[in-house]
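Remarks on the overall topology
The lines below spell out each chain.
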Amino acid sequence: MRDDRMFDWNDLRAFLAVARGGSILTAAKGLQVNQTTVARRIEALEAALGLRLIDRDKAGSRLTEDGQDLLSEAEKIEQAVSAFANRAATRGREVSGALRVTSTEILCKVVITPALGDFRRRYPEIKVELVLTDDVLDLAAGEADVAIRTGIELPASDLVARKVATFDMGVYCSRDYAQRRGVPRCAADLRGHDLIIGDGRIATLPGAAWLSRAVPDVEPAFRSNTTASLLHALVTGLGVAVAPCLIADPNPGLVHGFSIPEIRPSAWLVVPPQLKDAPRVRAFIDFMIPHFNAGRQALEARGAAMRARNEAEFGGLRAAS
C-alpha cells in the first residue's frame, strides 16, 4: 500500500462486521445499512490496501489469509477510535478550569458578583477570576475569556457576541443635591448645574458623550476616568450626571431628572470564537443570561418604585436658582 493512500473508517467497520458476522447480510443488519453498501465498502478497503481481505461464496464470507492477519490490527484501530470518542465526550462533559471574566466595576458589582455564589455551587470546579476595568481587554490575545460590554453597538470583529439587554439612560443627581440645587428636568436646565463628566476612554461612552455634546461650553465640576468613581461622585452630591436607569433608579440616594430616549445602549456577552464551545465558557454564558434577565427585571421593579417615591418628593424642584 502506498503511504499516501488512505482508507475510510467506515470501510474498516464494514470489514470488522463481516469478520464477526460471517456474512455480508449479517454485517448489513448490524450496521443498519443495505448489503450493497457493505459490499462496496469492503471493495473500497481492499482497493485502498491492495489486498484481498474476504472471500465470498454461497456459504457466506470468510477472511482470507491477509484478512486474518490484519484483523487484530483492525480491532486495535477500533479500540483507539472508541477511546478517542469516549475521551472527547468526557472532555465535553467536564466543566472545570479557570475562567477569566472582565467587565466594568459597576456591572461586576450589580450583575456578576451577586450571581457567582449560585454559579460556584453549580460548577464548583470552575474558578472565576474577575477583571474589573473600563478598558476593553483584548479577548483574541487571551487577556480574558468572557467580557460583558456595553455600548450603542459593538465594533466589527471576529468575536462572538450575544446581546443580553438594552437599557435606558437618564440624568440623575443625589437627594442632597436635589434639596440644595433642584433637579434638572431637560437638557436646557443643565447649564445651571454642576456637571460630572467622564474623562479618558469613558468620555466616549454613550452617556458621557451625550452630556459633553449637550453642554459643550460648560466647565465640569468633576471629572474621572472610571465609571465607578463617576457613580460615587453622583451619589455623594458632587453634581449631576448621566447614568443607566437600571443602576441609578434603584439607588435610594439618587433622584431621576429626565430620560434620554435618543441613547439606549445594550449589553453583550462577548467571547473569542475559539472559546465559544469550551464547556466552562458555555456553562457561564448559559447561566449568566437568565440570571441577567431576572436581575434586570428585579432592578426595574425596584427602580420604578424608587423613582415614584422620589418624584412625589422632588417633583416640584426644577433648575437651580
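Everything quoted here is computed from the prediction, not taken from an experiment. Residue numbers run consecutively from 1 along every chain, following the written order of its sequence. pLDDT decides what is reported in this predicted model: residues at 70 or higher carry local features, side-chain atom pairs at 80 or more are listed and counted, and totals for whole chains, interfaces and linings draw on all residues regardless. Calculation of side-chain values draws on the structure's entire complement of heavy atoms; hydrogens and water are dropped beforehand.

**Topic: the sheet that holds strand S3 (residues 97–103)**
- Ordered in space as S4-S3-S5-S12-S6, the five strands form an open sheet in which the pairing is mixed. A strand with exactly one partner marks an edge of an open sheet, and here the two such strands are strand S4 (126–132) and strand S6 (160–166). Each strand axis lies, on average, 20 degrees off the axis of its neighbour in the sheet, ignoring direction.
- Here S3 runs beside strand S5 (residues 146–151); their pairing, made up of two bridges, is parallel. Strand pairing requires that DSSP identify at least two bridges connecting the strands. A run of H or I in DSSP counts as a helix once it spans at least four residues, and a run of E counts as a strand once it spans at least two, with each numbered from the N terminus. Every axis in this analysis is a line fitted to C-alpha atoms, fitted for helices over the stretch in contact. Angles between the N-to-C directions lie between 0 and 180 degrees.

**Some details on the confidence of the model for the protein chain**
- The quantity called pLDDT is the predictor's confidence in a given residue, expressed from 0 to 100. Looking at the protein chain as a whole, the pLDDT averages 87, with 93% of positions reaching at least 70.
- Across the protein chain, the secondary-structure element scoring lowest on mean pLDDT is helix H4 (residues 65–93), at 79, and the one scoring highest is strand S7 (residues 169–174), at 95.

**Thoughts on the packing of aromatic side chains**
- Two rings belonging to Phe, Tyr or Trp (six-membered ring only in the last case) form a pair when the distance between their centres is within 6.5 Å. Interplanar angles under 30 degrees mark stacking, angles over 60 mark edge-to-face geometry, and anything in between is tilted. Taken as a whole and judged by the stated rule, the model has four aromatic pairs.
- With centroids separated by 5.5 Å and ring planes inclined at 80 degrees, the aromatic side chains of Phe-119 and Phe-284 adopt a geometry described as edge-to-face. Within this pair, whereas Phe-119 is found in helix H5 (residues 105–122), its partner Phe-284 is found in helix H10 (residues 279–314), the two being separated by 165 residues in sequence.
- With a 1.4 Å probe rolled over the protein chains alone, any residue whose accessible area is under 20% of its type maximum counts as buried; one over 50% counts as exposed, and the rest are partly exposed. Relative accessible area serves as the criterion here: at 0%, Phe-284 is assigned to the buried category.
- Three or more aromatic residues link up through ring pairs in this structure, and these residues are Phe-119, Tyr-123, Phe-284 and Phe-287.

**A few points about the pairing of S7**
- In terms of burial, S7 is largely enclosed, as six of its six residues are buried.
- Here S7 shows no split at all, with Met-169, Val-171 and Cys-173 on one side and Gly-170, Tyr-172 and Ser-174 on the other all buried.
- As judged from the four bridges shared by S7 and strand S10 (residues 241–244), these two strands associate in the antiparallel manner. Residue pairing across strands places Met-169 opposite Pro-244, the latter belonging to S10.
- Note that S7 and strand S11 (residues 254–259) share five bridges and pair antiparallel. Bridging from a neighbouring strand, Cys-173 pairs with Val-255 of S11.

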